[in-house]
Amino acid sequence: ALPILACVATVWLSLLAYKNFIGFREDQAAPKAAAEAAKPAVDLAAQQKHQVDDALRKAQNAVARQQWEEADQFAHQALDLDPLRTGLDALLAKVRDEKKAGAKFAQAEQVLSKKDYGTAISLHRQIPQSSSYRTQADAALDSIAQILEMEGDAACAKKEWSACSDKYSLALSTQKASPAVTQK
C-alpha cells in the first residue's frame, strides 16, 4: 500500500509542478471565471435598464401630446420590465386621471354643441385644476358665460323675464360671468 501511496503523491506533485510551470494558479482563475460569468448578467441588466428608460421616455412624450392610450401602453411596458421603478405609479395615476379628464372635456364639448349649457358648465367644472385640460375648460366656461350673458340681455330686451333670469343664473354658475351680470 505504501508504494501506491508514493505513486499517487508523485503524480499529484507532478501535476502541481506542471500547473506552476504553465502559469496557472487557481487563485487567479476563479476571479477571472467569475467575472466572465457575471458579464452576461451585467449586460442583461444594462439592456433592461435601457428598455425601461426608453419606455418611460416614450410614455412622457405621449403625455406631452395628450396621447393617453399610448402613454398608458408605454408606462405599463416599463412597469412590466421594472415593477420597482420609482415614479411609475405616479405616472400611471396621471395617465388614468388625464384619460378621465379628457373624456369629461369631450363630453362637455359635445353637450355644449347641443346648447345644453347647464350640463356643459357642470362637466367643465368637474375637470381637476391639475389637469392639462383645465385651461381649455376655463376658456370654454368664459365663452359660455359670454354667450349666456348675451342671450340673457336679449331675453330681457324682449321682456322675457324668466328666460332672462335663467340665462343670467347660468352665466353666474360658470364663475366666469362679468360683474355686470350680478347687477342685472
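Our subject is the structure listed above.
Residues numbered from 1 in each chain as written. Predicted model: local features only at pLDDT ≥ 70, side-chain atom pairs only at ≥ 80, totals over all residues. Heavy atoms only, no water.

Quick look at the packing of aromatic side chains
Part 1: The full count for this structure, using the stated rule, is two aromatic pairs.
Part 2: When the ring of Trp68 is compared with that of Tyr133, the centres are 6.4 Å apart and the planes differ by 55 degrees; the resulting orientation is tilted. In this pair, Trp68 sits in helix α3 (residues 68-81) while Tyr133 sits in the loop between α5 (117-125) and α6 (134-157), placing the two residues 65 residues apart along the sequence. Each member of the pair Trp68 and Tyr133 is classed as buried.
Part 3: Linked through ring pairs, Trp68, Phe105 and Tyr133 together constitute an aromatic cluster. (Phe/Tyr/Trp six-rings, centres within 6.5 Å; stacked < 30°, edge-to-face > 60°. Helix = DSSP H or I, 4+ residues; strand = E, 2+ residues; numbered from the N terminus. Buried < 20%, exposed > 50% of the residue type's maximum accessible area, 1.4 Å probe, protein only.)

Looking at the packing of α3 against helix α4 (residues 88-113)
Part 1: Two elements in contact, α3 and α4, have axes separated by 10 Å at closest approach and are oriented at 160 degrees. Regarding the angle of α3 to α4, the classification is roughly antiparallel. When you trace α3 past α4, the crossing you get is left-handed. Contact residues: α3 offers Trp68, Glu69, Ala71, Asp72, Ala75, His76, Ala78 and Leu79, while α4 offers Leu88, Leu91, Leu92, Val95, Glu98 and Lys99.
Part 2: When grouped by side-chain class, the residues that make up the contact of α3 with α4 number nine nonpolar, one polar and four charged. (Axes fitted to C-alpha atoms, helices over the stretch in contact; angles between N-to-C directions. Parallel < 35°, antiparallel > 145°, perpendicular 65-115°, else oblique. Left-handed = near helix turned anticlockwise from the far one by under 90°. Contact = heavy atoms within 4.5 Å. Nonpolar A, V, L, I, M, F, W, Y, C, P; charged D, E, K, R; others polar.)

Purely spatial values, then, with no claim about function.
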